[in-house]
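Chain by chain, the residues run as shown.
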Amino acid sequence: DQQAYIVASATVSMSSKNSASEIFRLQLTADLTGLQENLTPLLAAQLNKDDKCGERIAIQQATLTPAPPAAIATVQLHYERFACVKAFGKQQAKRLVAGNALVPIRLTPAVEQDNTQLRLNPEVGEIQADGSLGELLHNGSLGEMIREKIRDSILNAMQKGANLSATLPPAAQPYATIASAQFQDAGAQHLAVQLVGEIRVPRDQLQAVTQQLKSRAATAR
């Protein structure tokens, strides 16, 4: 239930044509500043845990900064693991591991094989952690879970901003594909994602598509 605003815009321009279709160049840009500003509560909602006889995770701070064509997510967290044992008829929680960690993850956008959806390829950087927590984050399921949650949370928000249906009119959407995606520095460390692709419109649909494109452009002014 965390909210973040994402501003998206698209530019469509004539590229080429053949006997069967006309091809338009598509460039979509989504401003992810709102995601950056709300990343800490967004990840906390996904990762925070407080199990009496298990893991306790608290996200303290999370940042997302441009490193074109990628972005760096840096997460500070506190982690504890407890085991419960019975003593004198009572259950007691014993702390096994505790510490703080700084986890940097490099996220590189790519395009799925269907050329309409995005994915993020995560690469964990040098983790700074207290004691045995570092080993857990590097080699255990804990590190993999945190990496996947961070990637999925950011990808989910990014996909909504870069969704072709958010910027293109209905008539153009079935013919649009994405060729490439990359993060950009929009200035002052603000992050944006840019998609480049095309709209390949059959001749018999050209009038309907161009009319809707013009109407959408007029509405956006």
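This one's a predicted model, so the numbers in the text were calculated from it and none came from an experiment.

About the criteria used
- Residues numbered from 1 in each chain as written.
- Predicted model: local features only at pLDDT ≥ 70, side-chain atom pairs only at ≥ 80, totals over all residues.
- Heavy atoms only, no water.
- Helix = DSSP H or I, 4+ residues; strand = E, 2+ residues; numbered from the N terminus.
- Rg over C-alpha atoms; globule rule 2.2 N^0.38 Å.
- Buried < 20%, exposed > 50% of the residue type's maximum accessible area, 1.4 Å probe, protein only.
- Contact = heavy atoms within 4.5 Å.
- Areas by Shrake-Rupley, 256 points an atom, 1.4 Å probe, with all protein chains shown as cover.
- Disulfide = S-S within 2.5 Å.
- Salt bridge = Lys/Arg side-chain N within 4 Å of Asp/Glu carboxyl O.
- Expected span 1.5 Å × (residues − 1).
- Pairing = 2+ DSSP bridges.
- Axes fitted to C-alpha atoms, helices over the stretch in contact; angles between N-to-C directions.
- pLDDT = per-residue confidence, 0-100.
- Core = buried A, V, L, I, M, F, W, Y, C linked by side-chain atoms within 4.5 Å.
- Left-handed = near helix turned anticlockwise from the far one by under 90°.
- Nonpolar A, V, L, I, M, F, W, Y, C, P; charged D, E, K, R; others polar.

## Re the overall build of the chain
Phase 1: The helix and strand tally for the chain stands at 6 helices and 10 strands.
Phase 2: Over its C-alpha atoms the chain spans a radius of gyration of 22 Å, topping by over 25% the 17 Å that the globule rule assigns to 221 residues.
Phase 3: With the C-alpha coordinates aligned to their principal axes, the bounding extent of the chain is approximately 85 × 35 × 30 Å.
Phase 4: Within the span of the chain, comprising 221 residues, buried residues form 37% of the whole.
Phase 5: The contacts of the chain with a sequence gap of at least 6 include a subset with a gap of at least 24, amounting to 60%.
Phase 6: For the chain, the computed accessible surface area is about 12000 Å², with 45% contributed by carbon and sulfur atoms.

## Let's talk about the state of the cysteines
Phase 1: Evaluation of the coordinates by the stated rule reveals 1 disulfide.
Phase 2: Across the disulfide, C53 is cross-linked to C84 (sulfur-sulfur distance 1.7 Å). In this structure, the disulfide formed by C53 and C84 twists by about -85° around the S-S bond and is classed as left-handed. Taken together, the positions of C53 in the loop between β3 (49–50) and β4 (55–67) and C84 in strand β5 (residues 70–87) put the pair 31 residues apart, joining distant regions of the chain.

## Some points on the pattern of salt bridges
Phase 1: This model, assessed by the stated rule, comprises 11 salt bridges.
Phase 2: With a shortest N-O distance of 3.1 Å, K49 and E55 are connected by a salt bridge.
Phase 3: Judged by relative accessible area, K49 falls into the partly exposed class, the value being 33%.
Phase 4: For E55, a relative accessible area of 16% translates into the label buried.
Phase 5: A salt bridge links E80 to R95; its shortest N-O distance comes to 3.5 Å. With E80 in strand β5 and R95 in strand β6 (residues 90–111), the pair connects residues that are 15 residues apart, well separated along the chain.

## Notes on helix α4 (residues 141–161)
Phase 1: Its 21 residues give α4 an end-to-end C-alpha distance of 30 Å, which sits within 8% of 30 Å, the value for a rise of 1.5 Å per residue.
Phase 2: Of the positions making up α4, those classed as buried are L142, G143, I146, E148, I150, S153, I154, L155, A157, M158 and G161.

## Some words on the sheet that holds strand β2 (residues 21–31)
Phase 1: Judged by pairing direction, the sheet is antiparallel, and its 4 strands sit side by side in the order β1-β2-β10-β9 without closing on themselves. Whereas interior strands pair on both sides, the edge strands pair on one side only; in this sheet they are β1 (7–17) and β9 (176–185). On average, each strand axis in the sheet is inclined to that of its neighbour by 20°, with strand direction left out of account.
Phase 2: Pairing of β1 with β2, which is carried by 10 bridges, proceeds in the antiparallel orientation. Bridge pairing in β2 links V12 to L26.

## So, the confidence of the model for the chain
Phase 1: Summarising the model, the chain shows a mean pLDDT of 89, and 98% of its residues fall at 70 or more.
Phase 2: No element of the chain has a lower mean pLDDT than helix α5 (residues 164–167), at 82, and none a higher one than β4, at 96.

## Some remarks on the nonpolar core
Phase 1: Core analysis: the largest hydrophobic core is formed by 56 residues, its most contacted members being L64, I150 and I154.
Phase 2: Leave out the neighbours within four places in its chain, and I154 touches L35, L39, L64, A73, L107 and L120.

## Details of the packing of helix α3 (residues 132–139) against α4
Phase 1: Axis separation between α3 and α4 bottoms out at 4 Å; the angle between their running directions is 65°. Between α3 and α4 lies a crossing whose hand is right-handed. Packed against α3, whose contacting residues are L133, L136, L137 and N139, the element α4 presents S141, L142, G143 and I146 at the interface.
Phase 2: Taken together, the residues of the contact of α3 with α4 break down into 5 nonpolar, 3 polar and no charged.

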